[in-house]
Amino acid sequence: MARLPSMGRVFRLLGEMMKLQLTRLLLGRYNILLMDEPSNFLDLPAVEALETMMKGYAGTILFVSHDTRLVENVATMIYEIMPDPCRAGTLSGAVRAKGEQHRCESLHVRRQQPILQ
């Protein structure tokens, strides 16, 4: 009977797969990247490398994340999408506006010049 891998091993494997896919994306030449929770399954050194690669990316990155450190370090514009009218601003401004109970889904945007003309 086959033995199932431990959950720790499964998460490490998922993390390694995620690192490879993110590296492949961020080294590509795309005008825009759409990323959903890009820091999931990554350890701290990998998240720091992800931040560096996202900051250095020449195109536009639209990403959704609950990782406030990643958002604060990478996003240049925040679009909060809720049932209310859409608001644009910074993460710290949104947190101040909502007080300590800021619990919402946000679309985070990092914009630069397009690669392809």
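Basis of the calculations
Residues numbered from 1 in each chain as written. Predicted model: local features only at pLDDT ≥ 70, side-chain atom pairs only at ≥ 80, totals over all residues. Heavy atoms only, no water. Helix = DSSP H or I, 4+ residues; strand = E, 2+ residues; numbered from the N terminus. Buried < 20%, exposed > 50% of the residue type's maximum accessible area, 1.4 Å probe, protein only. Contact = heavy atoms within 4.5 Å. Areas by Shrake-Rupley, 256 points an atom, 1.4 Å probe, with all protein chains shown as cover. Salt bridge = Lys/Arg side-chain N within 4 Å of Asp/Glu carboxyl O. Polar contact = N/O pair within 3.5 Å; in protein donor to acceptor, adjacent residues only side chain to side chain.

1. Quick word on the overall build of the protein chain
Now for step 1: Looking only at helices and strands, one finds 4 helices and 5 strands in the protein chain.
Now for step 2: Ordering the α and β elements of the protein chain from the N terminus gives α-β-α-β-α-β-β-α-β.
Now for step 3: In the protein chain, which comprises 117 residues, the proportion classed as buried is 32%.
Now for step 4: For the protein chain, the proportion of contacts with a sequence separation of at least 24, taken over those separated by at least 6, is 64%.
Now for step 5: For the protein chain, the exposed surface amounts to about 8,200 Å²; the carbon and sulfur share of it is 59%.

2. Things to note about the pattern of salt bridges
Now for step 1: What the rule picks out here adds up to 3 salt bridges.
Now for step 2: For the salt bridge of K19 with D43, the shortest nitrogen-to-oxygen distance reads 3.8 Å. Within this pair, whereas K19 is found in helix α1 (residues 7-27), its partner D43 is found in the loop between β1 (32-36) and α2 (44-56), the two being separated by 24 residues in sequence.
Now for step 3: Here E51 ties to R69 by a salt bridge, and the two come within 3.9 Å at their closest N and O atoms. Here E51 is found in helix α2, whereas its partner R69 is found in helix α3 (residues 68-74), with 18 residues between them in sequence.
Now for step 4: The class for E51 is buried, based on a relative accessible area of 5%.
Now for step 5: Given a relative accessible area of 36%, R69 falls into the partly exposed group.

3. Comments concerning unusual backbone geometry
Now for step 1: The phi dihedral of E37 is positive, around 50°, even though this residue is not glycine.
Now for step 2: Counting through the fold element by element, E37 comes out in the loop between β1 and α2.

4. Focus: the side chain of E37
Now for step 1: A relative accessible area of 13% places E37 in the buried class.
Now for step 2: For E37, the side chain forms a polar contact with the side chain of H66, separated by 2.5 Å.
Now for step 3: Setting aside residues no more than four positions away along its own chain, E37 makes contact with V64, S65 and H66.

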